[in-house]
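Listed below, chain by chain, are the residues.
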Amino acid sequence: MPKRSNRRPVRRRPQDRTEDLIAQNRMLDSMARSMMGGKSAEQLRSELYDRELLLAEADRAAQLDPSGQNLAQFRAARTQVDAARRAVELAANAEQMGPADA
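Definitions and cut-offs
- Residues numbered from 1 in each chain as written.
- Predicted model: local features only at pLDDT ≥ 70, side-chain atom pairs only at ≥ 80, totals over all residues.
- Heavy atoms only, no water.
- Helix = DSSP H or I, 4+ residues; strand = E, 2+ residues; numbered from the N terminus.
- Expected span 1.5 Å × (residues − 1).
- Buried < 20%, exposed > 50% of the residue type's maximum accessible area, 1.4 Å probe, protein only.
- Arc of directions from axis to C-beta.
- Salt bridge = Lys/Arg side-chain N within 4 Å of Asp/Glu carboxyl O.

Visitor: I would appreciate a short explanation of helix α2 (residues 41–64) in the present structure.
Guide: Along an α-helix, residues three or four positions apart point the same way, because every turn accommodates 3.6 residues. With 24 residues, α2 should cover 34 Å at 1.5 Å per step; its first-to-last C-alpha distance of 35 Å lies within 8% of that length. When α2 is considered as a whole, its buried residues turn out to be Ala41, Leu44, Glu47, Leu48, Arg51, Leu55, Ala58 and Ala62.

Shown next as structure tokens:
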């Protein structure tokens, strides 16, 4: 009789991904707060614009040559853009709440 090959079990993502989403949001908030350190809202918007340009460049590189390195750079750039957007949101919320406390 031929030897039976052992098949790997199929790993399926759980339907309830709330824990993953919570961890991802927590990571983005942490990155955004570290980005905010002493910067004005205008500086944060400028940094967001710069990071969006880097994301576009990484996207172009990954489209032309979808190597592992280019895809990793694209993912890292996308994460940085998401964190910068979150930092801009947090700064805007802080500006809105600031005068109400005074």
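There is more to say, and it comes next.
Visitor: Before we go on, may I ask you to explain helix α1 (residues 18–36) in this structure?
Guide: For α1, with 19 residues, the first-to-last C-alpha span of 27 Å sits near the 27 Å given by 1.5 Å per residue. Every buried residue belonging to α1 is among Leu28, Asp29, Ala32 and Met35, and all of these are buried. Along α1, the residues classed as buried sweep out an arc of 125° about the axis, all on the same side. For α1, the exposed residues lying more than 90 degrees away from the buried face are Glu19, Arg26, Arg33 and Ser34. Gly38 sits one or two positions beyond α1 and adopts a positive phi of about 75°.

Visitor: What is the right way to read the pattern of salt bridges from this model?
Guide: Pairing of side chains with opposite charge becomes possible as their charged atoms draw close. Evaluated as defined, the whole model comprises seven salt bridges. For Arg86, the salt bridge goes to Asp29, with nearest N and O atoms at 2.6 Å. With Arg86 in helix α3 (residues 68–101) and Asp29 in helix α1, this pair connects stretches of sequence that are 57 residues apart. Here Arg51 ties to Glu47 by a salt bridge, and the two come within 2.7 Å at their closest N and O atoms. With Arg51 and Glu47 both in helix α2 and four residues apart, the pair spans about one turn of that helix. Each of Asp29, Arg86 and Glu89 takes part in a single network of salt bridges with overlapping partners.

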